[in-house]
Every structure is written in structure tokens, then in C-alpha cells.
Amino acid sequence: MKRRIVITSNTSWFIYNFFCSSITEFMQDGNEIFIVAPRDKYASLLEALGCRFHEVSIDRSGANFFSEWKTITTIYKTLKQLSPDCVLNFTPKLNIYSVTACKILKIPVINSVAGLGYIISSNGFKSRLGKLLLRLTQPLADHIIFQNGDDLSVYLENKWANAEKISRVRGIGVNLQRFTPQITSDDGTVRFLLFARMLKSKGVPEFVEAARMVLEHYNKKCVDVSTRPKVEFSLLGFIDAYNPDGIPREVIEKWHSEAVVRYLGETDNVIEFVRDYDCVVLPSFYREGIPQCLIEAAAMAKPIITTDHVGCRETVVDGLSGYLVPPRDSASLAKSMIKMADLSHSQRLEMGRTARLKAENEFCHLYVARHYMTCIESVLSVEERNDLIKQKA
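Residues numbered from 1 in each chain as written. Predicted model: local features only at pLDDT ≥ 70, side-chain atom pairs only at ≥ 80, totals over all residues. Heavy atoms only, no water.

1. Re the side chain of serine 112
Following the sequence through the fold, serine 112 ends up in strand S5 (residues 109-113). Residue classification places serine 112 among the buried positions, given a relative accessible area of 1%. Only 2.6 Å separates the side chain of serine 112 from the side chain of tyrosine 372, close enough to count as a polar contact. Discounting chain neighbours no more than four positions away, the residues touching serine 112 are Asn89, Phe90, Thr91, Asn95, Ile145 and Tyr372. (Helix = DSSP H or I, 4+ residues; strand = E, 2+ residues; numbered from the N terminus. Buried < 20%, exposed > 50% of the residue type's maximum accessible area, 1.4 Å probe, protein only. Polar contact = N/O pair within 3.5 Å; in protein donor to acceptor, adjacent residues only side chain to side chain. Contact = heavy atoms within 4.5 Å.)

Structure, rendered in C-alpha cells:
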């Protein structure tokens, strides 16, 4: 049966980059897809895909009451106008605002928890308010889909969700036909790449500090330059200037000028960059869902070094497809990068093959799309059944 499905998020960028493949699967079944999000350069790409776009202004910092109220009322009016069969919400703010509007309008709604960020990791006023709003609103959802077991446990422990109305997928999916194994040549240089938003909580400063340590290690170990192992470190991702957690451009440019790391800028096609690197690194201590960059790296058969932290640990078979290190620990990160660099080229390729196998078994977007459609149909079946009961009564 064809469905009218609304997808909401605090950025069009998020929907296009992370859920595009699943949307394509939805539309192949004849479903109509409506996007409710702020308009950015990715909105037109979603429209070209066949989605119908409805703009809503969202202040990601959420500091102004009147701005927030305007956002809530716009979401309510938009959903009332569209009258969809079901709404899928992404990102915490939309999980709160949209689910409330949906319950008032009696529209079936599914929330997706792709990380809890500052709500759990901070103890400030905004964090306490966020927890209160989650407690008040999340039980209203007809179903909640989680990306990792840690966030699922937090919801259940705080009674933000009913155990009978939850499920889990591993990440938001990756198109394995697009993200294929990218095998590097054995040219004598081991290259490490961090690709993500340039945020402190993504562990970018720790990556740079660890890079210094690795370079110093090999400088001391091999005084003769001709025998010194060659290692390179690069950063790829956009600079989020308006984010208080963002790293200023001048700091990144300083790192680049010091020849510690190269900053490659930002891109919409990570494949053309990642293919040339031997290992992908993400020392994040942000409370991730499951980082998309690591799912994509695994699909491209790249060994991974990341933190033994919420979401991140889900992407690595420690010691087989990469290494896990403690969060905020540059020294441990440096040791793992040295360990990776000291492996033979064939050993790194074998790690990459294990990573690809994990991606095939756990992260395929087709599985994610099917899971969401199954949840949608399940929620709608309950709704339609309840309507029949009311009509008979």
C-alpha cells in the first residue's frame, strides 16, 4: 500500500547525506516522501530525488523562546496541511517538537534516536531541560528506533520509552553498491584520515596531538631520515563556525601550516578522498548514534581506530578490523596509530576485509530501509485496527 511519509530533521544535510539511500527504497515502493527541515543547499538535491520539501526554521542552539515557539507552530501547521500517514523524526529537537504535534493531530509517529549528544553528556540547564522534555514527550511516540544499545538503555532506565514500542538498527545504513572496497597501493607511506565535522567533541584536537606524538616517535626511533617510516595525517570535513563546539578555521590552518596534519577542506564525495588512505580515525567522545563516517569507512574496507565509547565501539571488531582506544586519550591513540603503521600492508588490507564483512552483515541500507518500513506498517496496522474498533463501537 502506498503511504504519505513525512521525514523531519534539524538540517536537510542530515537527511540527504545519511538517509538518502533509504528514501530511494521507500519511493521505489510508490510511497510519497515529504521533507520538513530548514532549507540549505541539500534541499534542492532532495527535491531532485523526488521528495517534496517544506521549509521550517530551526535554531539548533534553541536559546530563544519565541523562536522555538515559532518552530513548533510551523511544524504543527505543516503536518496538519500534509496530513501524512506517518511521520519519521530525526534529531532530538524534532523528536520532541514533532511528536507532540503528531499526537495532537492524531498522526502515527516514529522517532529515531541517532545519539543523545549534550542531553546526556552535560549537566547544564539545557541538558536538564532536554531530559525533562524527553520524559514528557517520548512516551507519546508510537515507536522509537535506536542506533545503539546504550541509548536504548538510557531511555528504558529513565522510562522515556515503553519496551514494547522500541527496536534497534545498527546505524542509519550505507549503500554497499556505492561504498565499495577501496584498496590502497603499497607505496611505503601509511596515511591516516579523520573525516567528520571539525568539532572538539569529535576528537579532532586529540587526533592532532596524537599525530605529533607519532611523528616524534619515528623521529627518535629512526635518526636516519632514509630509514624512517613515512606517515601522514589528514583532516576532512566542514568547519562549523556557528557551533560552540566548533574548531576555529585559524586553528585548523595553523595545524596545516605546521605540517602536522593536512586540512583537505569539505566534500560531498568522501569516497574520492578516503580511497587513498590506509586507516580512518575518529577519536570521538561525543555521544554518537553510530558515526556514519565509520560505517562508510568499514564499507570501503578501511581499518578503523576509534574510541571505546557509545556508538563508536559498534563499528570495530577490536584487534581484527581496527583498534579501540579510551576517549580523550591522545597517548593511547598515538600508540594505536603506531601499531597500525607498523603492520605490513597485507595485514592492514586483511583488517579492511574484516571491516567490509562487518559492514555487509550489519550496516547495509537495505536492511535499515526494510526495518523502517516494517515499523511504519506495524504502527499503521495498529492505528487502522483501532479505527475499526472505534467505528464498530
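2. A short note on the packing of aromatic side chains
Applying the stated criterion across every chain yields a total of 14 aromatic pairs. Summarising the aromatic geometry, the rings of phenylalanine 65 and phenylalanine 66 are spaced 5.6 Å apart at their centres and angled 80° between planes, so their arrangement reads as edge-to-face. Given a relative accessible area of 58%, phenylalanine 65 falls into the exposed group. Look at phenylalanine 66 and you get exposed, because its relative accessible area is 67%. Every member of this aromatic cluster is reached through a ring pair, and the members are Trp13, Phe14, Phe18, Phe19, Phe26, Phe90, Phe238 and Tyr372. (Phe/Tyr/Trp six-rings, centres within 6.5 Å; stacked < 30°, edge-to-face > 60°.)

3. Things to note about the environment of arginine 328
Relative to the helices and strands, arginine 328 resides in the loop between strand S13 (322-325) and helix H12 (330-342). The class for arginine 328 is exposed, based on a relative accessible area of 59%. Distance from arginine 328 to proline 283, taken between C-alpha atoms, is 7.4 Å for residues 45 residues apart in sequence. When sequence neighbours within four positions are dropped, the list of residues in contact with arginine 328 reads Glu206 and Phe285.

4. Side note on the environment of alanine 359
Along the chain, alanine 359 turns up in helix H13 (residues 345-362). For alanine 359 and alanine 298, which are 61 residues apart along the polypeptide, the C-alpha to C-alpha distance reads 5.8 Å. Not counting the four nearest positions on each side in its chain, alanine 359 is found in contact with Leu176, Ala298, Ala299 and Cys364.

5. With respect to the sheet that holds strand S8 (residues 189-195)
Backbone-to-backbone hydrogen bonds pair the strands of a sheet. The strands run either parallel or antiparallel. A sheet is described by the order of its strands in space; here 6 strands give the open sequence S10-S9-S8-S11-S12-S13, paired in parallel fashion. What marks the edges here is a single partner per strand, and that holds for strand S10 (262-263) and S13. With 2 bridges joining them, strand S9 (residues 230-236) and S10 adopt parallel strand pairing. Residue pairing for S10: leucine 235 is matched across the bridge by tyrosine 263. (Pairing = 2+ DSSP bridges.)

6. Digging into empty space enclosed by the protein
Applying the stated criterion across every chain, the model contains 1 cavity of 30 Å³ or more. One number sums up the size of the largest cavity: a volume of about 70 Å³. The wall of the largest cavity is formed by Gln182, Ile183, Thr184, Tyr277, Asp278, Ala301, Lys302, Pro303, His345, Arg348, Leu349 and Gly352. Along the lines of polarity and charge, the residues of the lining of the largest cavity split into 5 nonpolar, 4 polar and 3 charged. (1 Å grid on protein atoms, 1.4 Å probe; cavity = no way out; pocket = protein on both sides within 12 Å on 5 of 7 lines; lining within 4 Å. Points joined across faces, edges and corners; volume = space filled by probe spheres on them. Nonpolar A, V, L, I, M, F, W, Y, C, P; charged D, E, K, R; others polar.)

7. A few points about helix H1 (residues 12-28)
For H1, which comprises 17 residues, the first-to-last C-alpha distance of 21 Å sits more than 12% below the rise-based estimate of 24 Å (1.5 Å per residue). Bending of H1 peaks at approximately 75° at the position of phenylalanine 19. Along H1, the positions that sit buried rather than exposed are Ser12, Phe14, Ile15, Phe18, Phe19, Cys20, Ser22, Ile23 and Phe26. Just beyond H1, the residue with positive phi is glycine 30, at close to 90°. (Expected span 1.5 Å × (residues − 1). Bend = angle between axes of the 7 residues up to and from the residue.)

8. A few points about the side chain of asparagine 95
Looking at where asparagine 95 falls in the secondary structure, it is placed in helix H4 (residues 92-105). If near-sequence neighbours (up to four positions away) are discounted, asparagine 95 is found in contact with Asn89, Phe90, Asn111, Ser112, Val113 and Gln138.

9. Brief notes about the sheet that holds strand S2 (residues 32-37)
If you trace the 7 strands from one edge of the open sheet to the other, you get S3-S2-S1-S4-S5-S6-S7, paired in parallel fashion. The sheet is open, and its two borders are formed by strand S3 (52-55) and strand S7 (166-168), each paired with just one other strand. Pairwise comparison of adjacent strand axes, ignoring direction, gives a mean angle of 20° for this sheet. Relative to S3, S2 runs parallel, the two sharing 4 bridges. Residue valine 36 lies in a different strand from S3, and its bridge partner there is histidine 54. Those strands touched by H4 are strand S1 (4-8), strand S4 (86-90) and S5, and its axis lies near 160° from that of S4. (Axes fitted to C-alpha atoms, helices over the stretch in contact; angles between N-to-C directions.)

10. Some points on the pairing of S4
The buried count for S4 comes to 5 of 5 residues, which makes it a mostly enclosed element. Sheet topology note: the S1/S4 ladder contains 4 bridges and is parallel. By the bridge assignment for S4, isoleucine 5 is matched with cysteine 86. Bridge analysis of S4 against S5 gives 4 bridges, and the strand direction is parallel. Considered in S5, the bridge of phenylalanine 90 is made with serine 112. Traced from S4 through H4 to S5, the parallel crossover comes out right-handed. (Right-handed = clockwise from strand over helix to strand, strands pointing away.)

11. Brief notes about H12
For H12, spanning 13 residues, the distance from its first C-alpha to its last is 18 Å, which sits close to the expected 18 Å at 1.5 Å a residue. Those residues of H12 that fall on the buried side of the exposure criterion are Ser330, Leu333, Ala334, Ser336, Met337, Ile338, Met340 and Ala341. Its side-chain oxygen placed 3.3 Å from the backbone nitrogen of alanine 331, aspartate 329 serves as the N-cap of H12.

12. Brief notes about the pattern of salt bridges
Here the structure, examined in full by the defined rule, presents 22 salt bridges. The partner of glutamate 377 in a salt bridge is arginine 3, and the shortest N-O contact between them spans 2.9 Å. A residue pair is termed long-range when its members are at least 10 positions apart, and glutamate 377 in helix H14 (residues 365-392) and arginine 3 in the segment before S1 qualify at 374 residues. We classify glutamate 377 as partly exposed; its relative accessible area is 26%. Aspartate 240 is the partner of arginine 197 in a salt bridge, and the nearest nitrogen-oxygen pair spans 3.6 Å. (Salt bridge = Lys/Arg side-chain N within 4 Å of Asp/Glu carboxyl O.)

Treat this as a map of the structure, not an account of what it does.
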